[in-house]
Amino acid sequence: MKILAVGDIVGENGVRYFKKVMQIVKEKENIDFVIVNGENAAEGMGITEKNFRDILSCGTDVITMGNHTWGKKEIFKFIDDPKIIRPANYPEGIVGEGYRIYQCKNKKIAVINLIGRVDINVLSENPFLVANNILSKIRNEVDIIIIDFHAEATAEKIAMGYFLDGKVTAIFGTHTHVQTADEKILPNGTAYITDIGMTGPENSVIGMDIKASIKRFETTLPERYKIADGKSIFNACLFELDDNSCKVTKIRRINL
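Here the structure is a predicted model, which means the values were calculated and not measured.

About the thresholds
- Residues numbered from 1 in each chain as written.
- Predicted model: local features only at pLDDT ≥ 70, side-chain atom pairs only at ≥ 80, totals over all residues.
- Heavy atoms only, no water.
- Helix = DSSP H or I, 4+ residues; strand = E, 2+ residues; numbered from the N terminus.
- Buried < 20%, exposed > 50% of the residue type's maximum accessible area, 1.4 Å probe, protein only.
- Contact = heavy atoms within 4.5 Å.
- Areas by Shrake-Rupley, 256 points an atom, 1.4 Å probe, with all protein chains shown as cover.
- Lys, Arg positive; Asp, Glu negative; His and termini not counted.
- Charge placed at Lys NZ, Arg CZ, Asp CG, Glu CD.
- Core = buried A, V, L, I, M, F, W, Y, C linked by side-chain atoms within 4.5 Å.
- Axes fitted to C-alpha atoms, helices over the stretch in contact; angles between N-to-C directions.
- Parallel < 35°, antiparallel > 145°, perpendicular 65-115°, else oblique.
- Left-handed = near helix turned anticlockwise from the far one by under 90°.
- Nonpolar A, V, L, I, M, F, W, Y, C, P; charged D, E, K, R; others polar.
- Pairing = 2+ DSSP bridges.
- Salt bridge = Lys/Arg side-chain N within 4 Å of Asp/Glu carboxyl O.

### A word on the overall build of the chain
Each helix and strand in the chain was counted, giving 6 helices and 14 strands. Residue burial in the chain is summarised as follows: out of 256 residues, 57% are buried. Contacts spanning at least 24 positions in sequence make up 63% of the contacts within the chain whose residues lie at least 6 apart. Accessible surface, the chain as shown: approximately 11,600 Å² in total, 49% of it carbon and sulfur. Considering the chain, the positive charge centre built from 33 side chains and the negative charge centre built from 34 side chains are found 2 Å apart.

### Focus on the nonpolar core
Ranked by size, the top nonpolar core spans 28 residues in total, and within it Leu4, Val6, Phe18, Ile47 and Phe234 carry the most contacts. Elements supplying a minimum of two residues to this core: β1 (2-6), α1 (11-29), β3 (33-37), α2 (49-56), α3 (75-78) and β13 (235-241). The dominant element in this core, judged by the number of residues it contributes, is α1, at 6 residues. Those residues within four positions of Phe18 in sequence are excluded, and the remaining contacts are Val6, Ile9, Val36, Ile55, Cys58, Thr60, Thr199 and Phe234.

### Overview of the packing of helix α4 (residues 127-138) against helix α5 (residues 154-163)
In the contact formed by α4 and α5, the axes pass within 11 Å of each other and the chain directions differ by 30°. When the axis of α4 is compared with that of α5, the two are roughly parallel. For α4 against α5, the interelement crossing comes out right-handed. Contacts from Pro127, Phe128 and Asn132 in α4 reach Glu156, Ala159, Met160 and Phe163 in α5. The residue inventory of the contact of α4 with α5, partitioned by class, reads 5 nonpolar, 1 polar and 1 charged.

### Some remarks on the pairing of β3
Counting buried positions along β3 gives 5 out of 5 residues, so the element sits mostly inside the fold. By the alternation rule, side chains of β3 split into Phe33, Ile35 and Asn37 and Val34 and Val36, which are all buried. Strand direction decides the pairing type here: β3 and strand β4 (residues 62-64), joined by 3 bridges, are parallel. Each residue of the ladder has a partner; that of Asn37, found in β4, is Thr64.

### As for the environment of Thr220
Counting through the fold element by element, Thr220 comes out in the loop between α6 (210-219) and β12 (232-233). Take Thr220: its relative accessible area is 67%, and that puts it in the exposed class. For Thr220 and Glu125, which are 95 residues apart along the polypeptide, the C-alpha to C-alpha distance reads 31 Å.

### What about the pattern of salt bridges?
Within this structure, the stated rule accounts for 10 salt bridges. Across the pair Arg252 and Glu29 runs a salt bridge whose closest N-O atoms are separated by 2.7 Å. Pair noted here: Arg252 is in strand β14 (residues 248-255) and Glu29 is in helix α1, with a separation of 223 residues, a long-range link. We classify Glu29 as buried; its relative accessible area is 11%. Residue Asp32 pairs with Lys105 through a salt bridge whose shortest N-O separation is 3.8 Å. On the criterion of sequence distance, the pair formed by Asp32 in the loop between α1 and β3 and Lys105 in the loop between β5 (99-104) and β6 (107-115) is long-range, its members being 73 residues apart. Here the residues in one salt-bridge network are Lys19, Lys50 and Asp54, joined through shared partners.

### Some remarks on the environment of Asn188
Tracing the chain through its elements places Asn188 in the loop between β9 (184-185) and β10 (191-193). Discounting residues that sit within four places of it in the chain, Asn188 has contacts with Asp165, Gly166 and Lys247.

### Observations concerning the sheet that holds strand β2 (residues 8-9)
The 3 strands are arranged β2-β11-β12 in an open sheet whose pairing can be described as mixed. Edge strands, defined here as strands with exactly one partner in the open sheet, are β2 and β12. Where β2 and strand β11 (residues 198-201) come together, 2 bridges link them in parallel fashion. Among the inter-strand pairings, Ile9 is bridged to a residue of β11, identified as Thr199.

This is the structure we're talking about:
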């Protein structure tokens, strides 16, 4: 089985480029299951219903979110759709689900969304403890477990990788929009990469307009961010699994 995780889609440019290349990638690589982080799809902050439908139209199986989950009020119209999950360590009782279980090629795939707590301005529960709690409920019900850890600090992501090594199939990081070159299979068999990157404007500051971004750093004034123009890139990570053991045998970055 081949599972593709696509990096944070940023703005309408990112959505358009995703739609342009996704079917090509899916056919070329014989992809079976697609996970896409969509929390920046709407002007870099949140996701609209149109974004949601556009991303699903390309064969996406599940959309994960992050610190901008509630960036657009429209999300409350579709947050309970089985094709979307939000961080599982948001406070208990809020709308939406932090993980869901899907069927693919006679296998049950659990996809879990978590958010980090280091340098992220979101009040969330401990992702390490929440992950353990979820795994205690589902580990005997599923064949494959994939985690999107939406976090800022590389140390927090790496620690999560080793914390769950051997307990889950794969962990990929999102949020920083810069694809890292540390993809590996950890000692106990879990596939890991710190960040899978982004799908959005190439000549930008993590998807945002360069001049506006520099002005914020140069002056410290609250310059309004806007999405950059120009051609886009497509960042993703491909996990190849053995159909019998359901373990990752190969992990490979994709950068178009």
